[in-house]
Amino acid sequence: MVGATVLNPSWKEILTRIPRIEQTDWQAMSLLKRWFIASRSAVFIMTLFSALIGLLLAVPAATFDWLNAVLVTIGLVLAHATNNLINDWTDYRKGVDRDNYFRTQYGPQPLEAGLLSEPALMRYIALTGGLAILIGLVLVWRTDANTLFLMLIGAFFVVFYTWPLKYIGLGEPAVWLVWGPLMVCGTAYVVSSEWSASIFWISVIYGLGPVTVLFGKHTDKLEEDRSKSIRTLPVILGEAMARFSVLMIWQVQYLGLSILVLLGLAPWPLLLVWLALPKALRCSRPFLQPRPSQAPDDLPEGIWPLYLVTYAFDHNRLFSGLLFLGVIISLWV
């Protein structure tokens with residue numbers, strides 16, 4: 001998810017981790033590469049899984065629209081990118097990222113690192129958010145007013161996630177709602193004009209994965225957030241309960257999806273997610289003990305200060321990938 005300082009990062013490095021780069025290398029990169037780094041494209045995979053799972057679950061519908069499927073996927077990724085950019089701008093304006101704050105250690109904060117001026121970042125936000133809004137309006141025109149309602153809800157979370165939601169313990173519930181029911185069910189509706197109880201409950205289970213990633217990240221920087229009066233759920237619950245919560249959420253994902261299959265609310269190929277159980281068991285170990293104060297010897301170089309979030313991200317990527325594969329298989333069964 002993150003790596004050591006990289007000179008002239010490749011597209012693979014940009015899309016799969018958050019590279020630490022030098023000022024001179026930033027200047028030598030293309031504008032497109034700069035945008036992908038500034039918007040933290042390595043985490044777009046969670047949005048892609050939400051969109052793709054939603055549209056694939058809607059494929060059997062007689063009214064499935066492939067153009068809408070392409071547009072909504074691109075639009076959601078742009079909305080996610082806009083949120084990341086606004087996040088950095090908001091925290092910069094509130095002084096959160098000063099004095100070597102956690103965010104500036106694991107990857108370039110464009111403003112704090114001097115990679116972008118504030119007006120330049122605002123242009124990034126305007127262009128990215130403007131394209132997302134334009135795609136959303138096209139989808140409203142191609143569907144109905146319900147799509148506008150979904151779009152406005154999404155816009156609310158894009159703008160207000162960083163402040164005030166993250167500051168009052170509502171960031172984690174917001175992530176579950178957005179990456180789960182809103183994205184998955186919303187995508188299904190936009191491409192087919194319908195959604196079902198089955199799609200809703202699958203979205204509820206999937207949305208828990210991104211929540212564990214956020215829990216891991218916010219637990220990693222719990223002390224830093226507490227000192228800045230940012231009351232994320234891990235700050236409110238405390239480190240031990242935050243770590244325990246991730247383990248409980250993983251159990252809910254496996255057992256919950258199995259119950260959906262037993263009840264006939266999800267196709268049986270989705271049980272492929274159980275192949276991720278060994279990964280879950282390995283990733284559980286760091287959550288069973290207090291977070292270390294310095295990088296463990298077995299942690300790959302360049303990861304620290306990210307720690308718990310790397311394990312949550314790795315598990316979520318595999319679990320989501322297997323869920324996605326299960327949905328694909330179910331279309332042929």
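Presented here is a report on the structure given in the accompanying data block. (Residues numbered from 1 in each chain as written. Predicted model: local features only at pLDDT ≥ 70, side-chain atom pairs only at ≥ 80, totals over all residues. Heavy atoms only, no water.)

Side note on the overall build of the chain
Then, in step 1: Within the chain one finds 15 helices and two strands.
Then, in step 2: A compact globule built from 333 residues should have a C-alpha radius of gyration of about 20 Å, and the chain, at 20 Å, falls within 12% of that.
Then, in step 3: Expressed as a percentage of the 333 residues in the chain, the buried residues total 57%.
Then, in step 4: In the chain, once contacts between residues fewer than 6 apart in sequence are set aside, the share between residues at least 24 apart is 70%.
Then, in step 5: A total of about 14700 Å² of accessible surface is found on the chain, and carbon and sulfur atoms cover 67% of it.
Then, in step 6: Distance between charge centres in the chain, computed from 24 positive and 22 negative side chains, equals 1 Å. (Helix = DSSP H or I, 4+ residues; strand = E, 2+ residues; numbered from the N terminus. Rg over C-alpha atoms; globule rule 2.2 N^0.38 Å. Buried < 20%, exposed > 50% of the residue type's maximum accessible area, 1.4 Å probe, protein only. Contact = heavy atoms within 4.5 Å. Areas by Shrake-Rupley, 256 points an atom, 1.4 Å probe, with all protein chains shown as cover. Lys, Arg positive; Asp, Glu negative; His and termini not counted. Charge placed at Lys NZ, Arg CZ, Asp CG, Glu CD.)

A closer look at a nonpolar patch on the surface
Then, in step 1: Taken together, Leu255, Trp268, Leu271, Trp274, Leu325, Ile329 and Val333 make up a surface patch of nonpolar side chains, about 660 Å² in accessible area.
Then, in step 2: Secondary-structure assignment places Leu325 in helix 15 (residues 308-330).
Then, in step 3: Looking at Leu325, the relative accessible area reads 38%, which means it is partly exposed. (Patch = residues over 30% accessible without salt bridge, like charges linked within 9 Å, V, L, I, M, F, W, Y side chains within 5 Å. Salt bridge = Lys/Arg side-chain N within 4 Å of Asp/Glu carboxyl O.)

Notes on the nonpolar core
Then, in step 1: Among the nonpolar cores identified, the biggest contains 94 residues, and Trp26, Trp35, Ile53, Tyr124, Leu257 and Phe287 are the most heavily contacted of them.
Then, in step 2: Looking at this core, the element that brings in the most residues is helix 9 (residues 171-192), giving eleven residues.
Then, in step 3: With sequence-adjacent residues up to four places away left out, Trp35 is seen in contact with Phe44, Leu78, Ala81, Leu85, Tyr124 and Thr128. (Core = buried A, V, L, I, M, F, W, Y, C linked by side-chain atoms within 4.5 Å.)

Looking at the pattern of salt bridges
Then, in step 1: Applying the stated criterion across every chain, the model contains nine salt bridges.
Then, in step 2: Glu239 is the partner of Arg243 in a salt bridge, and the nearest nitrogen-oxygen pair spans 3.0 Å. Of the two residues, Arg243 and Glu239 both sit in helix 13 (residues 239-262), four residues apart, roughly one turn of that helix.
Then, in step 3: For Glu239, a relative accessible area of 27% gives the class partly exposed.
Then, in step 4: Among the salt bridges present, the one from Asp314 reaches Arg317, with a minimum N-O distance of 2.9 Å. A residue pair is termed a helical-turn pair when its members lie 3 or 4 positions apart in one helix, as Asp314 and Arg317 do in helix 15 at three residues.
Then, in step 5: Exposure remark for Asp314: the relative accessible area of 26% places this residue in the partly exposed category.

By themselves these figures say nothing about function.
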